[in-house]
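Structural characterization, general
Here's the letter readout for the chains.
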Amino acid sequence: MGARVREVDPAVEGKRVLVTGSAGAIGRRVCDALLARGHHVRGFDRVANDRLEDDQIGDLRDRDAIDRAVDGIDCVIHLGAYRNDADFMDVLLEPNVIGMYHVCNAVREARVNRLVLASSVQVLTGLDESQRPHRPEGGAAPTNDYAMTKVWAEVAGEMLARCHGVSVIAVRIGWVPVRPPDMEKLQGSATGLSIFFSHNDAKRFFTLCVESPRPESGEFVILNGASRPASKPYMDLTAAREVIGYEPQDNVADGLDWDYPPVRD
Ligand SMILES: NC(=O)c1ccc[n+]([C@@H]2O[C@H](COP(=O)([O-])OP(=O)(O)OC[C@H]3O[C@@H](n4cnc5c(N)ncnc54)[C@H](O)[C@@H]3O)[C@@H](O)[C@H]2O)c1
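About the thresholds
- Counting restarts for each chain: residues are numbered from 1 in the order of the written sequence.
- Since the coordinates come from a predicted model, pLDDT governs what is reported: local features require at least 70, and pairs of side-chain atoms require 80 or more to be given and counted, while whole-chain, interface and lining totals use all residues.
- Axis angles are defined between N-to-C directions and span 0 to 180 degrees, where every axis is a line fitted to C-alpha atoms and, for a helix, only to the segment in contact.
- Helix numbering and strand numbering both begin at the N terminus, where a helix is a DSSP run of H or I of at least 4 residues and a strand a DSSP run of E of at least 2.
- In this scheme, roughly parallel covers angles under 35 degrees and roughly antiparallel covers those over 145, while 65 to 115 is roughly perpendicular and the rest are oblique.
- Put simply, a crossing is left-handed when the front helix is turned counterclockwise from the back one by less than a right angle, and right-handed when it is turned clockwise.
- We call two residues in contact whenever the C-beta atoms placed from their backbones are within 7 Å.
- Throughout, the ten residues Ala, Val, Leu, Ile, Met, Phe, Trp, Tyr, Cys and Pro are labelled nonpolar, Asp, Glu, Lys and Arg are labelled charged, and all others, Gly among them, are labelled polar.
- As used in this record, a residue near a molecule or strand is one whose C-beta atom, placed from the backbone, is within 6 Å of it.
- Note on definitions: a nonpolar core is a set of buried residues drawn from Ala, Val, Leu, Ile, Met, Phe, Trp, Tyr and Cys, linked by C-beta atoms within 7 Å.
- Labels follow a simple rule on C-beta atoms placed from the backbone: if 20 or more others lie within 10 Å of a residue's own, it is buried; if 12 or fewer, it is exposed; otherwise it is partly exposed.
- Strands are treated as partners if at least two bridges between them are detected by DSSP.
- Orienting the strands away from the viewer, one traces the path from the first strand over the helix to the second; a clockwise path indicates a right-handed crossover.
- The term bend refers to the angle at a residue between two fitted axes, each drawn through seven residues, those ending there and those starting there.
- Relevant arc is that of directions from the helix axis to the C-beta atoms, nothing else.

Between helix 2 (residues 63-70) and helix 3 (residues 88-109), the least distance of the axes is 9 Å, while the angle of their chain directions is 45°. Viewed along their axes, helix 2 and helix 3 adopt a mutual orientation that is oblique. Crossing hand, helix 2 versus helix 3: right-handed. When helix 2 is examined against helix 3, the residues R63, I66, D67 and V70 are found in contact with a partner set consisting of H102, V103, A106 and V107. Among the residues making up the contact of helix 2 with helix 3, the classes are represented as five nonpolar, one polar and two charged.

A word on the site of the ligand. Taken together, 27 residues lie around the ligand, and G21, G24, I26, A81 and A118 are the ones closest in. Among the secondary structure elements, those contributing two or more residues to the shell around the ligand are helix 1 (25-36), helix 3 and strand 5 (114-120). The leading source of residues in the shell around the ligand is helix 1, at three residues. Of the residues that constitute the shell around the ligand, the class distribution is 16 nonpolar, six polar and five charged.

One broad trend across soluble globular proteins is that nonpolar side chains are buried collectively. In this structure, V76 and V107 are the most contacted members of the largest nonpolar core, which totals 71 residues. Apart from the residues within four sequence positions on either side, V76 is in contact with L18, V70, V103, V107, V112 and L115.

Strand residues, when the strand is regular, have side chains that alternate between the two faces of the sheet. With burial as the criterion, each face of strand 4 (residues 75-78) is covered, one bearing C75 and I77 and the other bearing V76 and H78. When strand 1 (residues 16-20) meets strand 4, the two strands line up parallel, connected through four bridges. Paired with V17 across the bridge in strand 4 is C75. Assessed by its sense of winding, the connection that carries the chain from strand 4 through helix 3 to strand 5 is right-handed.

Its place among the elements puts V123 in the loop between strand 5 and helix 4 (145-164). Separated by 24 residues in sequence, V123 and A147 place their C-alpha atoms 5.0 Å apart. Apart from residues no more than four positions distant in its own chain, V123 is found in contact with A140, P142, A147, K150, V151 and R172.

As a further point, take the sheet that holds strand 4. Spatially, seven strands are ordered 3-2-1-4-5-6-7 in an open sheet, and the strand pairing comes out parallel. Both edges of this open sheet fall to strand 3 (54-57) and strand 7 (220-225), since each of them pairs with a single strand only. Each neighbouring strand pair of the sheet contributes to a mean axis angle of 20°, computed without reference to strand direction. Bridge analysis of strand 2 (residues 40-45) against strand 3 gives four bridges, and the strand direction is parallel. Residue pairing in the sheet places D45 in a bridge with I57 of strand 3.

It is worth spelling out the packing of helix 3 against helix 4 at this point. One way to put it is that helix 3 packs onto helix 4 with a least axis distance of 10 Å and a crossing angle of 10°. One finds that helix 3 runs roughly parallel with respect to helix 4. The segment helix 3 lies against helix 4, with F88, L92, N96, V97, M100, Y101, C104, V107 and R108 engaging D145, Y146, T149, W152, A153, A156, L160 and H164. Residue classes in the contact of helix 3 with helix 4 are distributed as 12 nonpolar, three polar and two charged.

The subject of this paragraph is helix 3. For helix 3, the principal kink sits at E94 and spans about 45°; a proline, P95, occurs within the next four residues. Three or more residues of helix 3 are buried, namely L92, P95, N96, G99, M100, H102, V103, C104, A106 and V107. At the C-terminal side of helix 3, R111 shows a positive phi close to 55°.

Another aspect to go through is helix 2. An α-helix turns once every 3.6 residues. As a result, residues three or four positions apart point the same way. The complete set of buried residues in helix 2 reads I66, A69 and V70. Projected onto a plane normal to the axis of helix 2, the buried residues spread over an arc of 90° and lie on a single side. Residues of helix 2 that are buried sit in contact with strand 1, strand 2, strand 3, strand 4 and helix 3.

On to the environment of P180, then. Topologically, P180 is positioned in helix 5 (residues 180-187). A C-alpha to C-alpha distance of 8.7 Å links P180 and L256, two positions 76 residues apart in sequence.

Here it is, written out as structure tokens:
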């Protein structure tokens, strides 16, 4: 893989950021974006990210490994998870629930300032269509076990902010294609068109989550993350604009550049 150009902004104060899921489709791109902004990025994943100098290989089930990973960190972006619906007991429980639990406790004990956690647009699928575009304050209504683990992550994040003074952002991530056929699938679905989240918009979004002064310590926010919708909007982006200054730039018609080979299942 080619080396990335570093476009360090001298006005940005470099932060020490831990990205879990750093070898994943979103994680690899977010790591690139943060490095380009001059932040120190530490990865944590079962799989190596060969673009990172500070890359810790470990499992989300291993609390000691997570403790080592959060040591000296200002902000954790927790993306590591199983990213689709699957058997709860056999597949989802350990990475999505126990892993999230370990990350929250490690963040609290290490006094990390901010946690940015990956929720999903899928927490909204049981809500009434008439409520579209969905706002974060409209609640959640999961219809599968994967989405239920993401509601649990949001609640765990809210408690971490309220009880332990951490600044927490839960991102309801739209649809980030992880391999080229996803684009075809997404373009054939009216909902898909309205929840597309491009690689570059996701990079900008998570960079803002690191650099934004808000949320303050003890403040919890849920933000919807998507690009410009190509059909009736599914998620309302007002909170993301107001809290972190996010403005989507891409539309599904712009396509995607596949700067990485597709991730494995
Ligand atoms: N891609 C999307 O459209 C989408 C939409 C909504 C939410 N999300 C969420 O965003 C996050 C990142 O998604 P992605 O698309 O990059 O998925 P991905 O599968 O490409 O990346 C997830 C990463 O987590 C790592 N991981 C999984 N279990 C682990 C474990 N036990 N220990 C250590 N590492 C482990 C995997 O190795 C992988 O690199 C996930 O939390 C996912 O649920 C993704």
